[in-house]
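The lines below spell out each chain.
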Amino acid sequence: LEEYSGIAQEIRERIERRGGEVEVEELVAEFVSKFAVSETSVRMYAASPAFVLNDGRVRLRREDEPYVADTRLSRVRGLYVRPEGEVTIEIEVDRDVLRGSGRQFYEAAAIALGIAPGSRRDFAFGDMSRVVVSWPETSVMGPTLGSVRQAAVDLGLAEGERFRLILDPRDGTARALPIDSSSLAGLTGLEIDADNALTTLAMAMGVDANEVRAALRARGDDEVLELLPAVRPSEDLAAAIDEFGDLLT
């Protein structure tokens, strides 16, 4: 019997045997019967960055066919990119963090760090530790973030508490900050105050200033939204409101 070497590797071998591409349905039928894997798993691996799907057939991705990642920073809760290029993201301490397990990362964050499918980067954390972001080209879940347990330990955090992880692609370093919910700067890890809040957030999230509130609401950053300055009507709108009020009195 043929040795089972993993779904992605088996797909790669079938493609090479068939001269460059193979029917997805053929893969599904063979793998389900021969290796007792699920149909869903086969289809997911066939759609990973290592391969290209077209009209029900799968082939290896060529070097001139870069994977199109989701680069929308505004869709990820707690994710911001500083003007200098540092990526700052909120991490909640859970059991996985405390036992040193890795976790799923975000495509937009990985791309901002210069990490594409098939690559990884180690970020030095202090003198004796590191934080790893990797993106295997056959991963069906996208990039991953390695253990950040040391950050939680250094900050003395318990399960349920949060911190902000800051990754600097310029020098390959990482650091962690406790989250202060009393200020915009403490919540986001950005140099921000009431006067420049919308402009700073817009740049850090990759949206226009007039889209910041909607983007924060959509991604669940309610704490940040609540600390934003109240919306002030324009002079023309304020005059119209006053005029309408006079008509009602």
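In this text the structure is predicted, and so the values were computed from the model without any measurement.

### Overview of unusual backbone geometry
Piece 1. A positive phi angle, near 60°, is found at A36, a position not held by glycine.
Piece 2. Tracing the chain through its elements places A36 in the loop between helix 2 (24–35) and helix 3 (39–46).
Piece 3. Phi at D55 takes a positive value of approximately 50°, unusual for a residue other than glycine.
Piece 4. Looking at the secondary structure, you find D55 in the loop between strand 2 (51–54) and strand 3 (57–60).
Piece 5. Judged by its relative accessible area of 72%, D55 falls in the exposed class.

### So, the pattern of salt bridges
Piece 1. Here the structure, examined in full by the defined rule, presents 30 salt bridges.
Piece 2. In this structure, R162 engages E90 in a salt bridge whose closest nitrogen and oxygen atoms are separated by 3.3 Å. Of the two residues, R162 is situated in strand 10 (residues 162–168) and E90 in strand 5 (residues 87–92); the sequence distance between them amounts to 72 residues.
Piece 3. Under the relative-accessibility criterion, E90 is labelled buried at 13%.
Piece 4. With a shortest N-O distance of 2.8 Å, D168 and R170 are connected by a salt bridge.
Piece 5. In this structure, a network of salt bridges that share partners links the residues E10, E13, R14, R17, E30 and K34.

### Thoughts on the pairing of strand 8 (residues 129–135)
The side chains of a regular strand alternate between both faces of the sheet.
Piece 1. Along strand 8, five of the seven residues are buried, which leaves the element largely enclosed by surrounding structure.
Piece 2. Both strand 7 (residues 119–125) and strand 8 contribute to a ladder of seven bridges, which runs antiparallel. Residue pairing for strand 8: R120 is matched across the bridge by S134.
Piece 3. Counting the residues in the hairpin turn of strand 7 and strand 8 gives three residues, including G126, whose phi is positive at 70°.
Piece 4. As paired strands, strand 8 and strand 9 (residues 144–145) are joined by two bridges and run antiparallel to one another. Residue V133 lies in a different strand from strand 9, and its bridge partner there is L145.

### Quick notes on the packing of aromatic side chains
The relation between two aromatic rings is expressed through the spacing of the ring centres and the mutual angle of the planes.
Piece 1. Taken as a whole, this structure holds three aromatic pairs when the rule is applied.
Piece 2. Ring centres of F105 and Y106 lie 6.2 Å apart, and the angle between their planes is 45°; this geometry places the pair in the tilted category.
Piece 3. On the basis of relative accessible area, F105 is assigned to the buried category, the value being 3%.
Piece 4. Cation over ring: R219 sits above Y80, and NZ or CZ is 4.7 Å from the ring centre.

### Looking at the sheet that holds strand 1 (residues 22–23)
Piece 1. With antiparallel pairing, the three strands of this open sheet are ordered in space as 1-3-2. Taken across any chain shown, the strands that pair with only one partner, and hence form the sheet edges, are strand 1 and strand 2.
Piece 2. Where strand 2 and strand 3 come together, four bridges link them in antiparallel fashion. Each bridged residue has a counterpart across the sheet, and for L53 the counterpart in strand 3 is V58.

### A word on the nonpolar core
Piece 1. F105, V131, F163, L165 and L167 are the most contacted members of the largest nonpolar core, which totals 31 residues.
Piece 2. If you list the elements that add at least two residues to this core, you get strand 4 (79–81), strand 5, helix 5 (107–112), strand 7, strand 8, helix 6 (149–155), strand 10 and strand 11 (173–178).
Piece 3. Formed by 18 residues, the second largest nonpolar core is a distinct cluster that contains L190, M205, L216 and L228.

### What to know about the environment of G220
Piece 1. Counting through the fold element by element, G220 comes out in the loop between helix 9 (212–219) and helix 10 (222–227).
Piece 2. Taking the C-alpha atoms as reference points, G220 and A194, 26 residues apart in sequence, are found 20 Å from one another.

### Some thoughts on the side chain of E65
Piece 1. By the element assignment, E65 lies in the loop between strand 3 and strand 4.
Piece 2. In terms of polar contacts, E65 uses its side chain to reach the side chain of R59, at 2.7 Å.
Piece 3. A distance of 3.0 Å separates a polar atom in the side chain of E65 from the backbone nitrogen of R62.
Piece 4. With residues near it in sequence (within four places) discarded, E65 still touches V52, R59 and L60.

### Brief notes about the confidence of the model for the chain
Piece 1. Overall, the predicted model of the chain reaches an average pLDDT of 92, with 91% of residues at or above 70.
Piece 2. Per-element mean pLDDT across the chain ranges from 60 in helix 11 (residues 235–248) up to 98 in strand 4.

### Considerations on the environment of V97
Piece 1. Structurally, V97 can be placed in helix 4 (residues 95–98).
Piece 2. For V97, a relative accessible area of 1% gives the class buried.
Piece 3. Spatially, the C-alpha atoms of V97 and R130 are 14 Å apart, while their sequence positions differ by 33 residues.
Piece 4. In this structure V97 touches I91, E92, R103, V148, R149 and A152, once residues within four positions along its chain are discounted.

Cut-offs used in this document
Just so you know, the residues in each chain are numbered from 1, in the order the chain's sequence is written. Residues qualify for local features only when their pLDDT is at least 70, as the model is predicted, and side-chain atom pairs are given and counted only at 80 or more; totals for whole chains, interfaces and linings, by contrast, use all residues. To obtain the side-chain values, all non-hydrogen atoms of the structure were used and water was disregarded. Secondary structure elements are defined from DSSP: runs of H or I of at least 4 residues count as helices, runs of E of at least 2 residues count as strands, and each element is numbered from the N terminus. The rule is simple: take the accessible area with a 1.4 Å probe, protein chains only, and divide by the maximum for that residue type; under 20% is buried, over 50% is exposed, in between is partly exposed. The salt bridge definition used is simple: a Lys or Arg side-chain nitrogen within 4 Å of an Asp or Glu carboxyl oxygen. The pairing criterion for strands is at least two bridges between them, as found by DSSP. Aromatic pairs are defined between Phe, Tyr and Trp rings, using the six-membered ring for Trp, whenever the two ring centres lie within 6.5 Å; interplanar angles under 30 degrees are classed as stacked, those over 60 as edge-to-face, and all others as tilted. Only Lys NZ and Arg CZ are tested; either one counts as a charge over a ring when it is within 6 Å of the ring centre and within 35 degrees of the ring normal. Side-chain atoms within 4.5 Å link the members of a nonpolar core, which is a set of buried Ala, Val, Leu, Ile, Met, Phe, Trp, Tyr and Cys residues. Here a polar contact means two N or O atoms within 3.5 Å. Within protein one must be a hydrogen donor candidate and the other an acceptor candidate, and residues neighboring in sequence count only if both atoms are side-chain atoms. Contact between two residues is taken to exist if any of their heavy atoms lie within 4.5 Å; hydrogens are not considered. Values of pLDDT, which run from 0 to 100, indicate the predictor's confidence residue by residue.

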